[in-house]
Amino acid sequence: MDKPHQKRYGLSMVTYREMLRQIALENDGYVTPALARVRGVPDVELRKLAARGAVEKRERGVYRDPYYPAADDFDFLREIILTLGAGVHACGETTLQVTGIGELNPKNVYLASPRRHRRKMPGTWRIRSAPPDAQVKKYHGIPSQPVAEALVEVRPAVMADRWEAMVEDAYQEGFIRGKQYRELKGLVG
């Protein structure tokens with residue numbers, strides 16, 4: 001008879017802990033209840049394993065596998081996006097920070113979300129409404145606004161020569177292609 005904390009896959013038994021470890025491996029070390037449910041891990045089992053130290057609770061509904069390799073510079077952003085839920089992505093200055101374009105050092109984290117968030121947010125989170133058809137790309141595993149759109153968004157706040165250098169950087173790094181490059185160069189002046 002199978003134990004409740006195990007699921008049968010073929011002839012072998014896989015524990016919830018092993019399933020969570022696999023989920024974390026596929027998601028930069030992170031697990032959420034929604035990701036766990038897809039694999040058949042009940043929310044209560046996720047909370048029990050967090051209490052036992054198998055995963056660390058980072059934010060509301062966001063857990064990290066303590067055995068996953070060390071964090072990188074964007075783990076804070078992954079945690080924010082996972083906390084806010086599906087469809088949330090980096091935009092504007094934050095997208096450019098993730099890609100390394102323009103040496104920006106924003107004080108705030110700029111995000112776009114397809115739905116409204118009522119929870120209390122830290123003062124550095126700036127969340128705007130995202131259109132339902134918003135394009136999202138992944139840079140370093142972070143869902144983000146395309147670089148060309150982010151460049152257009154930050155243009156009014158950046159000096160012209162610096163913005164032009166950012167467009168050049170984006171083109172050289174392969175984040176924008178020929179047509180986008182020409183369109184953005186046409187905005188200079």
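See the structure printed just above.
Calculation rules
Residues numbered from 1 in each chain as written. Predicted model: local features only at pLDDT ≥ 70, side-chain atom pairs only at ≥ 80, totals over all residues. Heavy atoms only, no water. Helix = DSSP H or I, 4+ residues; strand = E, 2+ residues; numbered from the N terminus. Buried < 20%, exposed > 50% of the residue type's maximum accessible area, 1.4 Å probe, protein only. Contact = heavy atoms within 4.5 Å. Areas by Shrake-Rupley, 256 points an atom, 1.4 Å probe, with all protein chains shown as cover. Lys, Arg positive; Asp, Glu negative; His and termini not counted. Charge placed at Lys NZ, Arg CZ, Asp CG, Glu CD. Axes fitted to C-alpha atoms, helices over the stretch in contact; angles between N-to-C directions. Parallel < 35°, antiparallel > 145°, perpendicular 65-115°, else oblique. Left-handed = near helix turned anticlockwise from the far one by under 90°. Nonpolar A, V, L, I, M, F, W, Y, C, P; charged D, E, K, R; others polar. Pairing = 2+ DSSP bridges.

Another point: the overall build of the protein chain. A tally of regular secondary structure across the protein chain gives 8 helices and 10 strands. For the protein chain, the C-alpha atoms occupy an extent of roughly 75 × 35 × 30 Å along the three principal directions. Across the 189 residues in the protein chain, those meeting the buried criterion constitute 38%. For the protein chain, contacts bridging at least 24 residues in sequence account for 49% of all contacts bridging at least 6. If you sum the accessible surface of the protein chain, you get close to 11,300 Å²; carbon and sulfur atoms cover 50% of it. For the protein chain, the distance from the average position of its 31 positive side-chain charges to the average position of its 24 negative side-chain charges is 8 Å.

Here we come to the packing of helix α5 (residues 92-99) against helix α6 (residues 147-154). Contact geometry of α5 with α6 gives a least axis separation of 8 Å together with a crossing angle of 130°. The orientation of α5 relative to α6 falls into the category oblique. When the axes of α5 and α6 are compared, the crossing they make is left-handed. Judged by residue contacts, G92, E93, T95, L96 and T99 of α5 engage V147, A150, L151, E153 and V154 from α6. Here the residues of the contact of α5 with α6 are counted per class, giving 5 nonpolar, 3 polar and 2 charged.

Where strand β4 (residues 56-59) meets strand β5 (residues 62-64), 3 bridges bridge the pair, whose relative direction is antiparallel. The partner of K57 across the bridge, within β5, is Y63.

So yeah, pure geometry; function would need other evidence.
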